[in-house]
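# Overview (structure and organization)
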Amino acid sequence: MQRLILIGIALLCASLAVFAAEGDLDALRGNVPLLQERTPEPLYPVENQDLRRSRAYPMQPPTIPHKIDNYQVDLNANRCMSCHSRSRVAQSQAPMISVTHYMDRDGNFLAELSPRRYFCNQCHVPQTTAPTHIDNTFVDIEELLRQPQRNGGGG
């Protein structure tokens, strides 16, 4: 048994040595060799314009147009609901959360926010001023519908 463990450790060390010796680059790390530390990206400021952004496709969750630093969203409290709940929108003038957030998984309406929609950052995110590192070729649904139909040759 001890011999098998030693053989396993030796194989692991040999494979790591070969892997490290190749000097492979990992594009996810910014094309920095695997055994080198890379300089981290700066922390870009969060946009804080309170302007609604358009959505690019049906059912896209809206982005958060303001800072949410230090917002408490945990099992004890949800700071987002202090402005976006049904009972607070008249006073805050914030958009009310969708009625789908008050539905259970069977489609039944609840008096309170659904537990499965409680953690807002699962779907909604603030935007930063960070530059894009990868070209984006996304086409929104309106543009897609305006493009001429391509015939697939079916007849």
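Scroll up for the structure.
Residues numbered from 1 in each chain as written. Predicted model: local features only at pLDDT ≥ 70, side-chain atom pairs only at ≥ 80, totals over all residues. Heavy atoms only, no water.

## Notes on the overall build of the chain
Test applied: Here a strand is any run of E in DSSP of at least two residues, a helix any run of H or I of at least four, and the numbering for each starts at the N terminus. The buried label applies to any residue whose accessible area, calculated with a 1.4 Å probe on protein chains only, is under 20% of its type's maximum; exposed applies above 50%, and partly exposed to all values in between. It only takes one pair of heavy atoms within 4.5 Å for two residues to be counted as in contact.
When helices and strands are counted, the chain shows four helices and two strands. Of the regular secondary structure in the chain, the N- to C-terminal order runs α-β-β-α-α-α. The 155 residues of the chain split such that 14% are buried. Taking all contacts inside the chain whose residues are at least 6 apart in sequence as the whole, residues at least 24 apart take part in 39%.

## Some remarks on the nonpolar core
The nonpolar side chains of soluble globular proteins are, as a tendency, buried together. Heads up, the rule is: Among the buried residues, those of types Ala, Val, Leu, Ile, Met, Phe, Trp, Tyr and Cys that are joined through side-chain atoms within 4.5 Å form a nonpolar core.
Counting five residues, the largest nonpolar core consists of Met81, Ile97, Tyr102, Leu113 and Tyr118. With near-sequence residues (within four places) excluded, Tyr102 lies in contact with Met81, Ser85, Arg86, Ile97, Asn108, Phe109, Leu110, Ala111, Glu112, Leu113 and Ser114.

## Brief notes about the pattern of salt bridges
Which entries qualify depends on this criterion: What counts as a salt bridge is simple: a side-chain nitrogen of Lys or Arg found within 4 Å of a carboxyl oxygen of Asp or Glu.
Applying the stated criterion across every chain, the model contains two salt bridges. Across the pair Glu41 and Arg38 runs a salt bridge whose closest N-O atoms are separated by 3.6 Å. Look at Glu41 and you get partly exposed, because its relative accessible area is 38%. A salt bridge links Glu47 to Arg53; the shortest N-O distance between them is 2.4 Å.

## Points about the state of the cysteines
Rules: We call a pair of cysteine sulfur atoms a disulfide when they lie within 2.5 Å.
Applying the stated criterion to the full structure yields zero disulfides. Not engaged in a disulfide, the cysteine Cys83 finds its nearest cysteine sulfur in Cys80; these two sulfurs lie 8.7 Å apart. According to the relative accessible area criterion, Cys83 is partly exposed, its value standing at 32%. Looking at Cys120, it has no disulfide partner, and the nearest cysteine sulfur is the one in Cys80, 3.7 Å off.

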